[in-house]
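# Understanding the architecture of this molecule
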There are 2 protein chains.
Amino acid sequence: MNKDKKIELGITVKKDQDFSEWYTQVVQKAELADYSTVKGCMIIRANAYSIWEKIQEYLNKKIKKIGVKNAYFPLFIPESFFKKESEHAKGFTPEVAWIANTEEGERLAIRPTSETIMYDSYSRWIRSHRDLPLRINQWCNIVRWETKATRLFLRTREFLWQEGHCVYETKEECDKETLEYLKEYKNLCEELLALPVLIGKKSESEKFAGALYTLSVEGVMPDGKGLQMGTSHNLGQGFAKAFGIRFLGEDGKEHIPWQNSWGVSTRLIGALVMVHGDDKGMVIPPRAAENKAVIVPILTGDNEKVLKRAKEVFRELGKFNAILDDREGYTPGWKFNDWELKGIPLRIEIGPRDIEKKQIVLVRRDNYEKMSVKDKNLSEEVERTLDLIQENLFNRAKKLMDSKIASVKNKNEFKKAIENKMAVKAYWCGNSECEKIVKNEFSVKSLNMPLDQPKNIKENCFCCGKKANVICYFAKSY
Amino acid sequence: MNKDKKIELGITVKKDQDFSEWYTQVVQKAELADYSTVKGCMIIRANAYSIWEKIQEYLNKKIKKIGVKNAYFPLFIPESFFKKESEHAKGFTPEVAWIANTEEGERLAIRPTSETIMYDSYSRWIRSHRDLPLRINQWCNIVRWETKATRLFLRTREFLWQEGHCVYETKEECDKETLEYLKEYKNLCEELLALPVLIGKKSESEKFAGALYTLSVEGVMPDGKGLQMGTSHNLGQGFAKAFGIRFLGEDGKEHIPWQNSWGVSTRLIGALVMVHGDDKGMVIPPRAAENKAVIVPILTGDNEKVLKRAKEVFRELGKFNAILDDREGYTPGWKFNDWELKGIPLRIEIGPRDIEKKQIVLVRRDNYEKMSVKDKNLSEEVERTLDLIQENLFNRAKKLMDSKIASVKNKNEFKKAIENKMAVKAYWCGNSECEKIVKNEFSVKSLNMPLDQPKNIKENCFCCGKKANVICYFAKSY
């Protein structure tokens, strides 16, 4: 039974052979997400939801320190709100799901994003400069009626996210904090999720519908595709004008405020799978793991003694929220596979011989390294090893990402890199015509333009050959 | 300006004169919730959402200890799922909102509760007794297309809740845990929210659509109306049969499992307002308060010195997450009113004379009691006072609830009690005919029947005069 189960439960393709199939298998078999009977919708299972809770916990702490408060706005948005900001309406209308049975006459959309429903309230709440800055965030579900094929975590008709919506007196404040939230996203990705990101500005054609400009953190996945992992938009004054948000300044005059909005979604969990997962399944970075270790007692002789010791270790490692796998009817080997599949960062083995030697065995999920640790150093060693795993996952991912980005000088090199499943870093004139060309010819989009640009660019645009103005990343994208 | 502002912002009716108007004013003026442009929907503002976060934190800790894991299921439910359990379908169909633009043929409901969408997955996930018990909870938004008038937190078309859904091998386990979750709700209400509750079983006609039986915690509000504050349903095997959930038992045979579901919602915040609020506004019990104290520097002379000391106190009281109200342009009196309106449990005043005396002044929100506290005892005294406030709020609420419940012997007494805006405790035959009579004649429903019933009831039913079988609470209800 053991062997059969293993084959049935394990991942049956290699990550570097069939990345797409590998991804779907890991997500489903590690019980991270499942398809729903409803087309295009996903079930976020407990193993992934606990990662989402870690993301919430991390981000809430950071944004509350800045002064952001969480709230909750309605799921339904009147059609007329959508039309108030024309660029916004154009960008989102094709993806909106509508409610059928409203007696009120006007159609109601299910929120694809909440700018319009929130700013309607803001226009009533904001009166004076004393009410600013106003910083509100909500954690909620979002519906976009996608017609493309469903990819769990990456493209589904419903997903979870947070959306922050702030209002400021001046453009300077708004610019400053728009960048600040982006940097929190960078920290979230790097510190908690061990995911390296490219931080930069979106091109004009890729910015948020209705924004002045959009900043983003982007990842490059092992298949060379780009993944937008978080965005922070300076919305300018467009929405404020459309929704009649005004404030009385200290000068006694009426002014139009500046706004931003910023969000990350459950898509981050998809990135986590793609970047850290391996042929045996999911790998959760320790800081994002609800259960940082699993204790597997090796029951081959004096089971009572081993179980007793395993329970002691379980209690001693309380702060790591370890799992004690004392299930009967499964071999240790089967359990090893099961927890490797699910991505628990550290395995702790305890057998009769370990007890004699007053030690336990640690096995790292990231590199399968095995080490014996003396009982007296247990807690510190576990902590130290978890830190090493976190660090190694980030470094490995950084190296991987760097290796997937090709610096190219012309369209030919660009084409070759894309064919080799790479993302591309290139000098660009900044003209959207060149973007259109690579989109049409190679199905490639611009990701973002690094915030720190060189001062006197002498290079030419990879596409049109005219004078380049920026460095920009391009890739096929999720 | 000060005086005008006070009139504009404060509550303009007394709680015991116009309870309904008082409630709406407190909810809106304390910035707990607001109406949305979308009929029947509410905005949960930051001051209330932070209470919801405290509820989440409290309950997550308790249910995770039992073994419950959080997950997230789709918002959309295919119409055919609804029809699978006939009682359930009958109960919920009238309130369902539907999606207009699905190309898939079948109509999609927006979840009014998630039994059906979750159990469809359970039928695929559960194979063996080893998969049981399965305990999953989700925090999500819920839509019920109410046609009655909207009451913020109490009756809205969308609200937030948690719904736990567990599966067990035996009825005994299911009974036991159905009660256990109810007791967690009682603890949540009493310990965190300082709200006393009646814990009991719903009558046959008031139980959940599709359940074997429903347990509930109910509150009696200051206007004598009952408020259902949490329910835990033993669903029996009905849903398992309808959705084909089966498991292979240790005996090698196929069995049908037992299920329960249980939930509390943002309605709890409505109870909090009604029970603890007073003529000056909201009163948040300390344990449910994000900010447990507010520091108001009394700026009348040596402002620099006072502000310096206020900042020191602010830092010293870090663990209470105090607010330092150093806003300019507002008098201390205006600030006192503002924070009383918002319900911050404790006010800390610091003036020049307090600094001289090496003291600060504490003012309790629950009873306006004012006391001087020596600087050296600051943190302990704040902690002690917050505990006293929490305790006093519960005791006061308990006394109030008890005073709002009349023990009645017959229909005449029943009628009088209801006319006097009381809830009723009565011996009842248990027959739904008598329930119908009081519903028709007095618009009164049964709340619940206490779990500990006397053994040999000799009394007669308050309504039909036949032999009584149970003690039951009745009231008009929200």
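The structure presented is a predicted model; accordingly, all values stated were derived computationally and were not measured.

Basis of the calculations
- Residues numbered from 1 in each chain as written.
- Chains lettered and ligands numbered in written order.
- Predicted model: local features only at pLDDT ≥ 70, side-chain atom pairs only at ≥ 80, totals over all residues.
- Heavy atoms only, no water.
- Disulfide = S-S within 2.5 Å.
- Buried < 20%, exposed > 50% of the residue type's maximum accessible area, 1.4 Å probe, protein only.
- Domains from an automatic or database assignment.
- 1 Å grid on protein atoms, 1.4 Å probe; cavity = no way out; pocket = protein on both sides within 12 Å on 5 of 7 lines; lining within 4 Å.
- Points joined across faces, edges and corners; volume = space filled by probe spheres on them.
- Helix = DSSP H or I, 4+ residues; strand = E, 2+ residues; numbered from the N terminus.
- Nonpolar A, V, L, I, M, F, W, Y, C, P; charged D, E, K, R; others polar.
- Core = buried A, V, L, I, M, F, W, Y, C linked by side-chain atoms within 4.5 Å.
- Contact = heavy atoms within 4.5 Å.
- Buried area = accessible area lost by both parts, 1.4 Å probe.
- Salt bridge = Lys/Arg side-chain N within 4 Å of Asp/Glu carboxyl O.
- Polar contact = N/O pair within 3.5 Å; in protein donor to acceptor, adjacent residues only side chain to side chain.
- Phe/Tyr/Trp six-rings, centres within 6.5 Å; stacked < 30°, edge-to-face > 60°.
- Lys NZ or Arg CZ within 6 Å of the ring centre and 35° of its normal.

## Here we look at the state of the cysteines
The final tally for this structure, using the stated rule, is zero disulfides over all chains. Between C166 of chain A, a free cysteine, and C174 of chain A, which holds the nearest cysteine sulfur, the sulfur-to-sulfur gap is 8.2 Å. Overall, C166 of chain A belongs to the buried group, its relative accessible area being 0%. Considering cysteine sulfurs only, C429 of chain B is the nearest to C434 of chain B, which forms no disulfide, with 3.7 Å between them. On the basis of relative accessibility, which here comes to 3%, the residue C434 of chain B falls in the buried class.

## What to know about the domain arrangement of chain A
What the domain assignment lists for chain A is domain 1 (13–276), domain 2 (291–384) and domain 3 (405–475). In this structure, domain 1 of chain A and domain 2 of chain A have C-alpha centres spaced 40 Å apart.

## A look at empty space enclosed by the protein
Residue and element names in this part refer to chain B. Inspection of every chain in the model, using the stated rule, returns four cavities of 30 Å³ or more. As a volume, the largest cavity reaches approximately 80 Å³. In terms of lining, the largest cavity is formed by V294, F336, W339, E340, I344, L346, R347, V363, R364, R365 and Y368. Of all the secondary structure elements, the ones that give two or more residues to the lining of the largest cavity are α11 (332–342), β17 (346–350) and β18 (359–364). The element contributing the most residues to the lining of the largest cavity is α11, with three residues. Looking at the lining of the largest cavity residue by residue, the classes come out as seven nonpolar, no polar and four charged.

## Remarks on the nonpolar core
Burial of nonpolar side chains together is a common tendency in soluble globular proteins. Core analysis: the largest hydrophobic core is formed by 134 residues, its most contacted members being F153, M229 and M282 of chain A together with F153, M229 and M282 of chain B. Excluding residues within four positions of it along the chain, F153 of chain B makes contact with Y23, V27, L32, A33, M42, I44, A48, T266, R267, I269 and G270 of chain B.

## Observations concerning the environment of I136 of chain B
All names here are of chain B. With respect to the secondary-structure elements, I136 resides in strand β7 (residues 134–143). In this structure, the C-alpha to C-alpha distance between I136 and K171, residues 35 residues apart in sequence, is 18 Å. Each residue touching I136, except ones within four places of it in the same chain, is listed here: V68, K69, A71, F73, M118, Y122, W125, E163, G164 and H165.

## Here we look at the interface of chain A and chain B
The partner chain B presents 54 residues to the 54 residues of chain A that form the contact. Of the roughly 4,500 Å² buried at the junction of chain A and chain B (both faces included), carbon and sulfur atoms supply 56%. One can count three salt bridges joining chain A with chain B. Put simply, K64 of chain A and E53 of chain B hold a salt bridge, and the shortest N to O gap is 2.9 Å. Counting the contacts that link chain A with chain B gives 19 residue pairs in polar contact (both at pLDDT 80 or more). Of the residues contributing to the side of chain A that touches chain B, the split by class is 29 nonpolar, nine polar and 16 charged.

## Here's the deal with the packing of aromatic side chains
Evaluation of the coordinates by the stated rule reveals 36 aromatic pairs over all chains. With 5.5 Å between their ring centres and 80° between their planes, W52 of chain B and W139 of chain B make a pair best called edge-to-face. Of this pair, W52 of chain B sits in helix α3 (residues 46–66) while W139 of chain B sits in strand β7, and the two are 87 residues apart along the sequence. Ring geometry for Y185 of chain B and W262 of chain B: centres 6.4 Å apart, planes at 55°, overall tilted. Of this pair, Y185 of chain B sits in helix α7 (residues 171–192) while W262 of chain B sits in strand β14 (residues 258–265), and the two are 77 residues apart along the sequence. One exposure class covers both Y185 of chain B and W262 of chain B, and it is buried. Among the aromatic residues, those joined into a ring-pair cluster are F73, Y119, Y122, W125 and F239 of chain A. For the cation-ring pair, K342 of chain A lies above W339 of chain A, with the distance from its terminal atom to the ring centre recorded as 5.5 Å.

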